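Okay, here's what each chain looks like letter by letter:
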Amino acid sequence: MISAIAMLLAGGVGSRLNVLVKHRAKPAVPFAGIYRIIDFTLSNIANSGINRVAVLTQYKPLSLMDHIGDGSSWDLSGRSRGVKILPPKTGEKEWDWYSGTADAVRQNLSFLTSSDKEMVLVLSGDHVYYMDYRPMMEFHRDNKAHVTIGIIPVPWEDTPQFGTAILDEKQRIVEWEEKSPRAQSNLASMGIYIFDIDYLVSTLTITREADFGHHIIPKALEEARVYGYLFDGYWRDAGTIQAYWDANMDLLNPDSEIKPEIWRTMTNLNNVGLPHDRPPTRVVKGGKIVRSIVSPGCEIGGLVINSILSPGVIVKRNAVIEDSVIMHDAVIGDSSVLKLCIIDKNVVVGTEAGIGLGDVERDNIRFPQHLSSGISIVGKDAAIPDGVIIGTNCIVYPEMKEESFVKLRYLCGETIGPEEGEDE
Amino acid sequence: MANIVAMILAGGRVDDLGVLTFFRPKSGLPFGGLYRIIDFPMSNLINSGIEKVGILSQYRPFRLIRHIASGEPWDLTGRNRCAIILPPFKGRGESDWYKGTADAVYQNIDFLRLHRPDLVLILSGDHIYRMDYRHLIRFHMDKKADLTIACAKVDQEGSSRFGLARIDDEEPRGGKVIQYVEKPRESKLEWASLTIYVFKTDLLIDALNANASKNSHEFGKDIIPTFLANKKVYAYKHYGYWGYTRTPDEYWQANMDLLGAAPKVNLKEYRLRTNMAHREIRDRAPAFIGFSGKVEDSLFYSGCRVEGTAIRSILFPGVRIEKNATVTDSILFFDAIVREGSVVYRTIADADTNLGSGAEVGDPRGELSIIGRATRIPPGIKIEGGVSVFPNLNEESFRESVYKKGDIVE
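## Re the overall build of chain A
Step number 1: From N to C terminus, chain A includes eight helices and 33 strands.
Step number 2: Taken over the C-alpha trace, chain A has a radius of gyration of 22 Å; the compact-globule value for 424 residues is 22 Å, and the two agree within 12%.
Step number 3: Taken along its principal axes, the extent of the C-alpha atoms in chain A is 65 × 50 × 45 Å.
Step number 4: Looking at the 424 residues of chain A, the share that counts as buried comes to 54%.

Right, here's the structure in full:
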């Protein structure tokens, strides 16, 4: 059995997820009802027999730390197992903020040097996928590689977002392009690296370079054996509102490869600090659910179609929820209508309100690059007053309360939140 | 608050529940789409701040042991907290299966001596109710009682199964017990014992020691009468819901009381905890209701897949209802599967059962039918209401194509 440790880079801001990452890092964003995005990578680690994991956090780490807890939800606690959360810490300088992925690992080099294992997996906590890392570890060892990179074919139009590789017939990487506008290959890096521990430690000690994709990999190509391990399963970077919504909706498609239960995806069900377990979901008279994923603890008195509900969602009488993702403990009032929405935790929608209604006439005015397909998003703890109708491509900021709503009708593309420039 | 140790009587098998208790004590019986019945007293205890619990178990305790585990699901681990299963053991010269409820506690007097509580709270592990035991204990202390028995009002019908008390009309919380009769054939008394007792520890130990040489060792029949003779015995009135689930009908009804817009038992308010590792509940994906699926007036949990119809039913984790199958007024335990085109009425199907495609099970209005654990019902057969099917049967065990009321398939 090959021995390895894992370092999970969970510092991603994921700013294109807009209000969903106002209070949390991207890996902590709820997904598929009961999970968070990081659960997929953590479960892969545990299911691959890796017992020691460091989670490197930086951006808004609190909800992530709560979620990971002592690691026991992934069976990662015990004498020879553990999850260490490694936030940036004071070093020689007063405060050494991680300046990049490689820098984050460098600042925690002792996690590597104190290990007697032969290889380290450097993983991102940003992706939804299932992978047994063991065949890749064997591939790495069989090739006597210094670095092995997980590689997946992506649509050509997406290549500018990725590092891409050209492989020789033995899958050794001969050329690497980092986020090139005209990539020569559509074989993209999945953000999964296996390093020989000695090689990684010496490289990070010699150089001051900050980033794996931009610096460490190109350098390794010149001086070391770098291989690409091809993967062809389900893998999504749920990093945009559209991609996040699409990946959630994949759960409703029986032909999709996404199967969290079969993947043995584990999560921490206690992460919201409830002192008791969520009861079963109760459908009451008049409630109806069609083609949807519904988590425990919900009360359904209205109509839920084509949607994903996290635990504790309350759908009152005559409410309609369609094509939407609703997170924990949101309350959807009597006779309200939600279409094509992503509703964050604890949002309260009053009675006879509407979100995502009307035609798609323009992009979101403030964030046209984030919202253009019609999806509307409502941030955590917001309260939509009775009777307010909100159009498509709209954004409601977290914690917006009654007084923030100055009118009854918000048109396509509007944002309800602090004035531009005032937020953050 | 006084130092209190709770002991839960969780051993009973309960004959009336038939095939449902072949492999588990009644306290381990699944309930409410997620829980085991013992989760009710266990959650009541932790929600009342009582953190030392001994569980007395002797009948088929394996599943109960797995369920209670380290006590961690109820936060009953730590320096001053514990939940421990106390099985019968062989002592020197006394080979000793528990001979009754009082004997079970007597044999574990060491547990009481170890913790040296001021008060001992004795509970039954098989009732559905919510109680803040602190109120009961406050009452017990206010009255300077030696023994306090929690009681609830019951109908005349069926009251002969209980210990019944006449209570002095002191105050709304309760009063002195004037008369107590254990399971009388006929009685006008309307307050029934809930098998929830608060004892002063030293008096309890004395009474158990005195009882040890007798032939009968039951709290209701033997211990309470000795206290009534010369000690202060009070009754504490419980006004909330109380589900006594000793027959299939009562068990079924208590489950149905969880349904509706304003259910008699609102599980959220009960703040229940269960062992989410038992049967891998926590690793199940959220429920999926398919395009042809319909769930009405029902409960379901993660791991369920509904492509057919469920009406007024309770679906435990992992239940699957396939296309064109209809389940009405029924309770399906963990991982039960209802195959395509099957029609199910008023049935309790135990864990891992498989109801073959096109099978008709149960009667829309008649007696309940019960299917034992892991049994596979062959496709297309008819099982009417009032039929009891043994566990672990495969399709070859069914020689008839129709089973009628009163039949037992074994």
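## A look at helix H1 (residues 37-47) of chain A
Residues and elements named next belong to chain A.
Step number 1: Taking burial as the measure, the eleven residues of H1 include ten buried ones, the bulk of the element.
Step number 2: Turning to H1, its buried residues number three or more, namely Ile37, Ile38, Asp39, Phe40, Thr41, Leu42, Ser43, Asn44, Ile45 and Ala46.
Step number 3: Just past H1, the residue glycine 49 takes up positive phi, approximately 80°.

## Here we look at unusual backbone geometry
Step number 1: You will see that A:Asn346, though not glycine, has its phi angle at about 60°, which is positive.
Step number 2: Counting through the fold element by element, A:Asn346 comes out in the loop between strand E25 (341-343) and strand E26 (348-349).
Step number 3: Look at A:Asn346 and you get partly exposed, because 18 C-beta atoms sit within 10 Å.
Step number 4: In the Ramachandran plot, B:Lys183 falls in the positive-phi region, its phi being about 45° despite a non-glycine side chain.
Step number 5: Mapped onto the secondary structure, B:Lys183 falls in the loop between strand E12 (174-182) and strand E13 (191-200).

## Describing the interface of chain B and chain A
Step number 1: Listed as interface residues are 31 residues of chain B and, on the opposing side, 26 residues of chain A.
Step number 2: Those elements that provide at least two residues to the side of chain B that touches chain A are helix H9 (267-270), strand E16 (287-289), strand E17 (294-296) and strand E18 (298-300) of chain B.
Step number 3: Of the strand pairs in this sheet, strand E16 (residues 292-294) of chain A and E16(B) are connected by three bridges, and their pairing is antiparallel. Each residue of the ladder has a partner; that of A:Ile293, found in E16(B), is B:Phe288.

## What to know about the sheet that holds strand E15 (residues 288-290) of chain A
Step number 1: In spatial order, the strands read E15-E18-E21-E24-E27-E30-E32 (chain A); together these seven strands make up an open sheet with parallel pairing. The two strands at the open ends of the sheet, each matched to only one other strand, are E15 and strand E32 (409-410) of chain A.

## Quick word on the nonpolar core
Step number 1: Formed by 267 residues in total, the largest nonpolar core has its most connected members in A:Ala6, A:Val120 and B:Cys151.
Step number 2: Contacts of A:Val120, omitting those with residues within four sequence positions, involve A:Ala4, A:Ile5, A:Ala6, A:Met7, A:Leu112, A:Phe195, A:Ile197 and A:Leu200.

The rules behind each value
- Residues numbered from 1 in each chain as written.
- Chains lettered and ligands numbered in written order.
- Predicted model: local features only at pLDDT ≥ 70, side-chain atom pairs only at ≥ 80, totals over all residues.
- Helix = DSSP H or I, 4+ residues; strand = E, 2+ residues; numbered from the N terminus.
- Rg over C-alpha atoms; globule rule 2.2 N^0.38 Å.
- Buried ≥ 20, exposed ≤ 12 C-beta atoms within 10 Å, placed from the backbone.
- Contact = placed C-beta atoms within 7 Å.
- Pairing = 2+ DSSP bridges.
- Core = buried A, V, L, I, M, F, W, Y, C linked by C-beta atoms within 7 Å.

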